[in-house]
Amino acid sequence: MKYIRKYVFLLVGVLLLQSCVKDMQDDINNGGWNHERSVIEIEFENQIGVAMIENTDATTGNIDLAINVGAQSNMSSVKLTAIQVSYQAQSSVKVGDAMDFSNGKASFTVTSTLGETRTYTINVSEFTETLTGTYQVNALTIFGGTGPEYGGGAIMQLADKPWCWSDTYGPEVECDNTLTFTMTGVTPDGSTTGTCINHAGADGKYADFIFNGSMNKEESGVDIDLKKFYRQIPEGESTWIRNYSDGTVSFIDKDGKTTIGKFVDAGTVDVGYDKSFTVSNQAFQFSLNGTDDWTNIYSDYDKFAKKPRILWVSVTKVN
């Protein structure tokens, strides 16, 4: 008899456990546990960069983002292009809805599956792309050389050593070029994009960046094509993308080749080794991937052809 009671107790226990598991699963399925009501990510048309989202407290939150006013003509009707909220939560705005930012802010609500709400205030700053316009190319300058800690590095303009380059298509022919940047839109990740026209200037020439064979320390008399280092801004028309998240400007030429640099304002660039470069107005700065050449350290060949480190294309905005 005692065994029968034992089995009865076990059976009752199993049934109770199954009932509890079932109740818990129902609670999970129905969202009875879920108080979450947060915005994970949000994006609007012509938004620049990533929105900064902050849950202030249980019932309020703030979102800070920038809209490109050059591409968004009507700030009273800005379309929502993407939104992600917490699991099982619902937003009072959905993709495709337009919000009114004419006063610089707007609000919406996210509701949890339990009915709890958090109201988010979106604070919008107006963004204008500063890259657009026309620039005069002033100079091409490098920091290059193997062993700068031993005096092997130098900062110098390419045109300062004319004997290293072609007499007719040397780097100096770039210094009457103009760069015209036009913005055409915003990429899905919030970067600005457009076209760049690198015009050859009055002389109609682009530098060929051929390093004279007479200066070649390894194969005397053999010219070296150094476009891989110095043709960072493509000839003619290219596409540019300015990524505000990492501070880069990319150029994509007609063949799909991409070069990546930075657009730097006036100031001093410290390159280490007690050396620096002064940007007078603005410059496009590119990191170059040269190879150490200890055999030919201290030579122009090493600095220009083997171990260039940084290229600056100095410009002045004229329009």
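Scroll up for the structure.
None of these values were measured; they are calculated from a predicted model. (Residues numbered from 1 in each chain as written. Predicted model: local features only at pLDDT ≥ 70, side-chain atom pairs only at ≥ 80, totals over all residues. Heavy atoms only, no water.)

### Regarding the overall build of the chain
Point 1. Within the chain one finds 3 helices and 19 strands.
Point 2. Of all 319 residues assigned to the chain, the portion counted as buried reaches 43%.
Point 3. By sequence separation, contacts in the chain at least 24 residues apart represent 62% of the contacts at least 6 residues apart.
Point 4. Put simply, the chain shows about 16,700 Å² of open surface, and 51% of that area lies on carbon and sulfur atoms. (Helix = DSSP H or I, 4+ residues; strand = E, 2+ residues; numbered from the N terminus. Buried < 20%, exposed > 50% of the residue type's maximum accessible area, 1.4 Å probe, protein only. Contact = heavy atoms within 4.5 Å. Areas by Shrake-Rupley, 256 points an atom, 1.4 Å probe, with all protein chains shown as cover.)

### Here we look at the sheet that holds strand 6 (residues 98-99)
Point 1. If you trace the 3 strands from one edge of the open sheet to the other, you get 1-4-6, paired in antiparallel fashion. The open sheet has two edge strands with one neighbour each: strand 1 (39-44) and strand 6.
Point 2. Relative to strand 4 (residues 78-85), strand 1 runs antiparallel, the two sharing 5 bridges. Paired with Glu43 across the bridge in strand 4 is Ala82. (Pairing = 2+ DSSP bridges.)

### Focus: the environment of Glu36
Point 1. Along the chain, Glu36 falls in the loop between helix 1 (2-30) and strand 1.
Point 2. Look at Glu36 and you get partly exposed, because its relative accessible area is 44%.
Point 3. On a C-alpha basis, the gap between Glu36 and Arg118 in space is 9.5 Å, while along the polypeptide they are 82 residues apart.
Point 4. Ignoring any residue separated from it by four or fewer positions in sequence, one finds Glu36 in contact with Ser86, Ala89 and Ser112.

### A short note on the pairing of strand 4
Point 1. Sheet topology note: the strand 4/strand 6 ladder contains 2 bridges and is antiparallel. Among the inter-strand pairings, Val78 is bridged to a residue of strand 6, identified as Met99.

### Brief notes about the side chain of Lys307
Point 1. Relative to the assigned elements, Lys307 resides in the loop between helix 3 (300-306) and strand 19 (308-317).
Point 2. For Lys307, a relative accessible area of 15% puts it in the buried group.
Point 3. Here Gly290 takes part through its backbone oxygen, which lies 3.4 Å from a polar atom of the side chain of Lys307.
Point 4. Setting aside residues up to four positions removed in sequence, Lys307 forms contacts with Gly144, Gly145, Thr146, Gly290, Thr291, Asp292 and Asp302. (Polar contact = N/O pair within 3.5 Å; in protein donor to acceptor, adjacent residues only side chain to side chain.)

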